[in-house]
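Okay, here's what each chain looks like letter by letter:
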Amino acid sequence: MAACTNCGAELETPLACGACGKLLEPARELTPFETLGLEPSFELDARELRRRLLRASRLVHPDFHGSSGAGEREAAERASARLNSAHELLADPAARADWLVRTLGGPSESEQRQMPQAFLMEVLEWNETLDAAREAAPGSPERAALAGLATNLREQREDVLAGLARLLVPLPPKGSPTLSRARAQLNALRYLATTLAQIDALALEQASPHEA
Amino acid sequence: MAYSKKVLDHYSNPRNVGSLDKHASTVGTGVVGAPECGDVMKLQIQVEGDRIVDAKFKTFGCGSAIASSSLATEWIKGKTLDEALAIQNTQIVEELSLPPVKIHCSVLAEDAIKAAVNDYKSKQAPKEQQS
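Residues numbered from 1 in each chain as written. Chains lettered and ligands numbered in written order. Predicted model: local features only at pLDDT ≥ 70, side-chain atom pairs only at ≥ 80, totals over all residues. Heavy atoms only, no water.

(A) Here's a closer look at the interface of chain A and chain B. Between chain A and chain B, the residue contacts involve 15 residues of the former and 20 residues of the latter. Taking both sides of the interface into account, the surface hidden between chain A and chain B amounts to around 1500 Å²; carbon and sulfur atoms contribute 60%. One can count two salt bridges joining chain A with chain B. A salt bridge links Arg113 of chain A to Glu36 of chain B; the nearest nitrogen and oxygen atoms lie 3.2 Å apart. Inspection of the chain A/chain B interface yields six residue pairs in polar contact (both at pLDDT 80 or more). (Contact = heavy atoms within 4.5 Å. Buried area = accessible area lost by both parts, 1.4 Å probe. Salt bridge = Lys/Arg side-chain N within 4 Å of Asp/Glu carboxyl O. Polar contact = N/O pair within 3.5 Å; in protein donor to acceptor, adjacent residues only side chain to side chain.)

(B) How the structure looks around helix α2 (residues 63-76) of chain B. Residue and element names in this part refer to chain B. Taking 1.5 Å as the rise per residue, α2 with 14 residues should run 20 Å; its terminal C-alpha atoms sit 20 Å apart, in good agreement. The buried count for α2 comes to twelve of 14 residues, which makes it a mostly enclosed element. Just past α2, the residue Gly78 takes up positive phi, approximately 90°. (Helix = DSSP H or I, 4+ residues; strand = E, 2+ residues; numbered from the N terminus. Expected span 1.5 Å × (residues − 1). Buried < 20%, exposed > 50% of the residue type's maximum accessible area, 1.4 Å probe, protein only.)

(C) Geometry of the packing of aromatic side chains. All names here are of chain A. Inspection of the entire model under this criterion finds three aromatic pairs over all chains. When the ring of Phe119 is compared with that of Trp126, the centres are 5.9 Å apart and the planes differ by 90°; the resulting orientation is edge-to-face. With respect to burial, Phe119 and Trp126 carry one shared label: buried. Summarising the aromatic geometry, the rings of Phe119 and Tyr191 are spaced 5.8 Å apart at their centres and angled 65° between planes, so their arrangement reads as edge-to-face. Taken together, the residues Phe119 in helix α6 (residues 117-135) and Tyr191 in helix α8 (residues 178-207) connect sequence positions 72 residues apart. Pairwise contacts between aromatic rings join Phe119, Trp126 and Tyr191 into one cluster. (Phe/Tyr/Trp six-rings, centres within 6.5 Å; stacked < 30°, edge-to-face > 60°.)

(D) Inspection of the side chain of Thr80 of chain B at higher detail. Residue and element names in this part refer to chain B. You can see Thr80 is positioned in the loop between α2 and α3 (81-85). Judged by relative accessible area, Thr80 falls into the buried class, the value being 12%. Those residues in contact with Thr80 that lie beyond four places of it in its chain are Asp50, Arg51 and Ile52.

(E) Representation of the pairing of strand β3 (residues 51-60) of chain B. Residues and elements named next belong to chain B. Relative to β3, strand β2 (residues 39-48) runs antiparallel, the two sharing nine bridges. From the neighbouring strand, Glu48 faces β3, where its bridge partner is Arg51. Linking β2 back to β3 in an antiparallel pair, the connection comprises two residues, with Gly49 at a positive phi of about 65°. (Pairing = 2+ DSSP bridges.)

As structure tokens, then:
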């Protein structure tokens, strides 16, 4: 990691210096990993990430930079926003993997949307189970089937994430065909997440019925 | 975003919703999906000779995806396989006045037609080799 341009101390984040407290304007757009002083990697210790966020957030906190004028305060607000969006992306394994695949020159989801027929058939079946549950009365077997489906989908999500880790740790080289396999796993995650969100939404409706 | 009248019509009265027996040798099944939005579309064709005599679809997705597949089944019924393969997503966009953000729905429908025709053809291929 680079040194502070103000006092020369080693930096934990390129946004501010922990030693002299100076806010730094990075010369170029930072990657989410750079923002938090990390090397690009799919494997990430969630606690370490959180610790870095909290320490850096304190350094750039607008309350500590307001006294030097409005410009300084705005810079601190910009830095805080950057930190938060970098953390948000890195804390989500799917978003992190998506960023790594794109950055390493892998296909985007619109460039590689093909999925195996068997998988898409399965997605269709999930949706049919969901539809049947939507139309059925609370307490019916159709509604009960939803809980089983949700458990199944969560297990599949864990498997897919484990598969992604096998593909992305260590990081494949730029343009590697492994990236396209990782994209297929990310596509699967998107379908899983969409269906799980719909199941959750239906469960919420059931918890607070407000039908006319 | 406002849907066009034609989209709303297909959405509220979808044509040819349902399923055909996917194991039948005269039926071709295509399942396609859009990972960006989680939409998934199944389109099936029943073929006699080289003509599509029936078509069914089942789509889980937004109104435009449902309308695109509904329209696709209407269009391919009675067409030959080659005529069906010639259908372009741009024709669906034009007919339904789809906005740019919904163009991928029409692409999905075009892909589904192609997948169904290819599935039917692959079912026929081994038989032709035998005879």
